[in-house]
Amino acid sequence: MFTRLPRIALALAAASLASAALAQDLPRTQLKIVGGLSNLSAYADYEQPFWSKTIPERSQGAVTAEIKGFNELGLKGPELLRLMQRGTVEFGTATLSYFASDNPINEAIDLPGLAPDVATARKVTQAYTPTYAQFFADKTNVKLLGISTYPAQVLFCNAPVTGLASVKGLKVRTSSRTQAEFVEALGGTSVTMAFGEVVPALQNKVVDCAITGSLSGYQAKWYEVSTHLYALPINWNQQIHAVNQKSWDKLDPKVQAFLQDNVNQLVAAIWQAAATQTQQGYDCNTGAAACTQPVKGKMVLIQPTDADRALLKKVLNDAILPKWAQRTQAEYVDAFNQSVGAALGVIARK
């Protein structure tokens, strides 16, 4: 792992030099950004400093930006794509699953069981990105700049669980249709509720378990109301970084090139951090010595077995993929099979 660091440092240095070259003679440009959830690390550690500090510095003060998390603006998330489509929001960041009810193509890269590790999740995302770029351009008047991810989405339970089969008979908070289908395929009951409602729901046994990012759950103090953490990535909750097409077209081409180059670097940095943050979530929720945070939880960490991984794959093939294919337009299913399916050896059939 550590032998890769010099190469990563060299790559980042080269990227910085390229950005400096792009920054030459940029016209004065002021941007407004609606970012992701402001209380999570993807925003606090990456998005917010990227727009408020990195972009002005790399542009030598020519490009400046104001950013607020969508929750700080009183938004819930699902409306963000429509606001970008209308141009009410110019630049925005939002989780793809928020738009699943608009079109199930938005579920394609984050189906439960599809990517049990971060390397596979990124491979899936990269494979399907051209399809998303074309879809957003054609159907929503939005230009896709990049797709990043949250840490692994895992089970927090206020009940003794020993593996994936333990979900049977439990009430589980889910945040998307495909997560709900996953829980139901295991014999559990899916309960939909907002992220902010989960702590009292777990505390009062309204739900037995809840799914979220391992680090997101820690930051929201789910360790105070949960006893068991199941360390098997179910999905990842990728998020798009995008801009209204008309707003993009108004920018000087040099600014466009500068922004696209730097967003590529932002996305790469968030992906690189995903595995580390996933493990940090495991460590801090369970009080492991490797936790770097001052407050440590006392949850029990449950490691997945080969049987768990086999069950996850079976649920994907027998329940998740067929249901997704049934409700999705044939052209997007075909694109999935030709890209993601070919890379992973899976097929979505109507």
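Per an unreviewed UniProt entry, the protein goes by Sialic acid-binding periplasmic protein SiaP and derives from Paracidovorax wautersii.

Engineer: I'm lost on the state of the cysteines in this one. Help?
Structural biologist: By definition, a disulfide is the covalent link that joins the sulfur atoms of two cysteine residues. Taken as a whole and judged by the stated rule, the model has 2 disulfides. A sulfur-sulfur distance of 2.1 Å marks the disulfide that ties Cys157 to Cys209. Where Cys157 bonds to Cys209 through sulfur, the torsion about that S-S bond is close to 105°, and the disulfide is right-handed. Separated by 52 residues along the polypeptide, Cys157 in strand 5 (residues 153–157) and Cys209 in strand 8 (residues 209–213) bring together distant segments of the chain. Summarising the burial analysis for this pair, Cys157 and Cys209 share the class buried. What pairs with Cys284 in a disulfide is Cys291, and their sulfur atoms sit 2.0 Å apart. Because the sign of the S-S torsion sets the handedness, a value of about 100° for the bond joining Cys284 and Cys291 places this disulfide among the right-handed ones.

Engineer: I tried to follow helix 5 (residues 177–185) on my own but got confused; where do I start?
Structural biologist: Each turn of an α-helix holds 3.6 residues, which means side chains three or four residues apart point in the same direction. Within helix 5 the residues assigned to the buried category are Thr178, Gln179, Ala180, Glu181, Phe182 and Val183. The inward-facing, buried residues of helix 5 contact strand 5, strand 6 (171–174), strand 7 (189–192), strand 8, strand 9 (228–235) and helix 10 (306–327). Just past helix 5, the residue Gly187 takes up positive phi, approximately 90°.

Engineer: Can you help me understand the domain arrangement of the protein in this one?
Structural biologist: Frequently, the measure chosen for interface size is the accessible area removed from exposure when the parts meet. On domain assignment, one finds that the protein holds domain 1 (29–149 + 237–278) and domain 2 (153–236 + 287–320). The gap between the C-alpha centroids of domain 1 and domain 2 is 26 Å. On the side of domain 2, 18 residues touch domain 1, which itself brings 22 residues to the contact. Taking both partners together, domain 1 and domain 2 bury about 1,800 Å²; carbon and sulfur atoms supply 59% of that area. It is Pro112, Gly113 and Asn237 that lose the most area in domain 1 upon contact with domain 2, and together they represent 31% of the buried surface on that side. Run the count over domain 1 and domain 2 and you get 1 salt bridge. Of the charged contacts in the structure, one is a salt bridge between Glu107 and Arg177, with a shortest N-O distance of 2.9 Å. Of all the secondary structure elements, the ones that give two or more residues to the side of domain 1 that touches domain 2 are helix 4 (118–140) and helix 9 (253–286).

Engineer: How should helix 11 (residues 330–344) be read in this particular structure?
Structural biologist: End to end, helix 11 covers 19 Å across 15 residues, agreeing with the expected 21 Å (1.5 Å per residue, within 8%). By the largest-angle criterion, Asn337 marks the main kink of helix 11, which is about 35°. Taken together, the buried positions of helix 11 are Tyr332, Val333, Ala335, Phe336, Ser339, Val340 and Gly341. The inward-facing, buried residues of helix 11 contact helix 4 and helix 10.

Engineer: Is there a simple way to explain the sheet that holds strand 8 in this structure?
Structural biologist: Strand pairing in a sheet takes place through backbone hydrogen bonds and is either antiparallel or parallel in direction. Ordered by their spatial adjacency, 6 strands build an open sheet running 7-6-8-5-9-11, and the pairing between neighbours is mixed. Edge strands, defined here as strands with exactly one partner in the open sheet, are strand 7 and strand 11 (300–302). Between one strand and the next, the sheet's axes are offset by a mean angle of 35°, whatever the strand orientation. Taken together, the 2 bridges between strand 6 and strand 8 define a ladder with parallel strand orientation. From the neighbouring strand, Arg173 faces strand 8, where its bridge partner is Ala210. In the packing of helix 9 onto the sheet, the strands contacted are strand 5, strand 9 and strand 11, and the crossing angle to strand 9 comes to about 165°.

Engineer: Please explain the pattern of salt bridges as it appears in this structure.
Structural biologist: Counting across every chain of the model gives 6 salt bridges. One salt bridge in this structure joins Glu107 and Arg327, with 3.2 Å as the shortest N-O distance. Pair noted here: Glu107 is in the loop between strand 3 (91–95) and helix 4 and Arg327 is in helix 10, with a separation of 220 residues, a long-range link. For Glu107, a relative accessible area of 4% gives the class buried. We classify Arg327 as partly exposed; its relative accessible area is 25%. One connected set of salt bridges, linked through shared partners, spans Glu107, Arg177, Glu181 and Arg327.

What counts, and where the lines are drawn
- Residues numbered from 1 in each chain as written.
- Predicted model: local features only at pLDDT ≥ 70, side-chain atom pairs only at ≥ 80, totals over all residues.
- Heavy atoms only, no water.
- Disulfide = S-S within 2.5 Å.
- Helix = DSSP H or I, 4+ residues; strand = E, 2+ residues; numbered from the N terminus.
- Buried < 20%, exposed > 50% of the residue type's maximum accessible area, 1.4 Å probe, protein only.
- Contact = heavy atoms within 4.5 Å.
- Domains from an automatic or database assignment.
- Buried area = accessible area lost by both parts, 1.4 Å probe.
- Salt bridge = Lys/Arg side-chain N within 4 Å of Asp/Glu carboxyl O.
- Expected span 1.5 Å × (residues − 1).
- Bend = angle between axes of the 7 residues up to and from the residue.
- Pairing = 2+ DSSP bridges.
- Axes fitted to C-alpha atoms, helices over the stretch in contact; angles between N-to-C directions.

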